[in-house]
Amino acid sequence: MADDATVPVRRRDARRNRELLVEAAHEVFTEQGLEAPLDVIARRAGVGNATLYRHFPSRAALVEAVFRDPLAGTMAAGEQARVATDPWEGLVGYMEAVFAVLATDRGTNDLMTTHLEGVESLQAVHAHNQATMELLLRRGRDEGTIRPDVTTEDVLFALAALGRAVPSLATAVGPEAWRRPLALLLDTLRASPAVAPLPSPALTADELGEVLQGLGPHRPPRSSTG
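Within each chain, residues carry numbers counting from 1 in the order of the written sequence. Per-residue local features are limited, in this predicted model, to residues with pLDDT of at least 70; the limit for side-chain atom pairs, both in listing and counting, is 80 or more; totals at the level of whole chains, interfaces and linings are taken over all residues. Here the side-chain values reflect all heavy atoms present in the structure, with hydrogen atoms and water set aside.

(A) Representation of the overall build of the protein chain in the model. Helix and strand assignments come from DSSP, with helices taken as H or I runs of at least 4 residues and strands as E runs of at least 2, each series counted from the N terminus. Looking only at helices and strands, the protein chain has ten helices and zero strands in total. Each helix and strand of the protein chain, ordered N terminal to C terminal, gives the series α-α-α-α-α-α-α-α-α-α. Expressed as lengths along the three principal axes of its C-alpha atoms, the size of the protein chain is roughly 75 × 40 × 25 Å. Within the protein chain, buried positions represent 39% of all 226 residues. Considering only residue pairs separated by 6 or more positions, the protein chain has 71% of its internal contacts joining residues 24 or more positions apart. Working definition: with a 1.4 Å probe on protein chains only, accessible area under 20% of the residue-type maximum means buried, over 50% means exposed, and in between means partly exposed. Between two residues, a contact is recorded if the distance between any of their heavy atoms is within 4.5 Å.

Written out as structure tokens, the structure reads:
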């Protein structure tokens, strides 16, 4: 039987290992996406695979621990948009806040633009995001700023499709390059199209090629322990 005096030490070590795993997983998921091999995360944290699985028995459990707080930030942006005096400005501000994250964090991008079973905080974010969109679009339709035939599903589908391209676009052009295609998308939702100039320069032919190449199979292969 272990000496009682060693129990607090083991608990501290266990907490520290968990913290190291969460930090390493956030780094790796941000760089490579959610399909990154789990053994890569364990090595970066400086622990063994057994330690990782002792703390996080599934990929979903690890994702939940890593992204709970960042996803809460997305919900906070949605709450701010809901109370905006101008529903159009609320919609624009909310989409810009979401895309700023999608452009810099591949892990969050994977979460927000695809579906992953077993991540409770993600399910809450998707539900909150849908409710936010429904509210803003309804208010916009009532005020005549949003075209009457656009649905919440139309917008969510378009956002997911465009959002998947954002990391590749940021790599090929720059971190703010998403503003131009987002402005185009937003303009399609208006009851009366805007005449304001589009933000940021247009893509060159070479940049477009680089972006499309980045949309190809780029996720690292999953290891036998992933």
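After presenting the structure, the write-up continues.
(B) The arrangement of a nonpolar patch on the surface in detail. A patch consists of residues exposed above 30% relative accessible area that lack any salt bridge, with like charges linked at up to 9 Å and nonpolar side chains (Val, Leu, Ile, Met, Phe, Trp, Tyr) linked at up to 5 Å. Here the accessible surface of atoms and residues is derived via Shrake-Rupley with a 1.4 Å probe, and residues count as covered only by protein chains that are part of the display. Take a side-chain nitrogen of Lys or Arg and a carboxyl oxygen of Asp or Glu: if they are within 4 Å of each other, that pair is a salt bridge. On the surface, Val173, Leu203, Leu208, Leu212 and Leu215 cluster together to form a nonpolar patch covering roughly 400 Å² of accessible area. Here leucine 215 lies in the segment after helix H10 (205-214).

(C) Summary view of the packing of helix H7 (residues 120-143) against helix H8 (residues 152-172). Each axis is a line fitted through C-alpha atoms, and for a helix only the stretch in contact is used; angles between axes span 0 to 180 degrees, taken between their N-to-C directions. Packing of H7 against H8 brings their axes to within 9 Å, and their N-to-C directions diverge by 125°. Accordingly, the angle class assigned to the pair H7 and H8 is oblique. At the point where H7 passes H8, the crossing takes the right-handed sense. Together, Asn129, Gln130, Met133, Glu134 and Leu137 of H7 and Thr152, Glu153, Val155, Leu156 and Leu159 of H8 make up the contact between the two elements. Each angle is binned into one of four classes, with values under 35 degrees roughly parallel, values over 145 roughly antiparallel, values of 65 to 115 roughly perpendicular, and all other values oblique. Note on convention: near helix rotated counterclockwise from far helix by under a right angle means a left-handed crossing. Clockwise means right-handed.

Everything listed is a geometric property; what it means functionally is a separate question.
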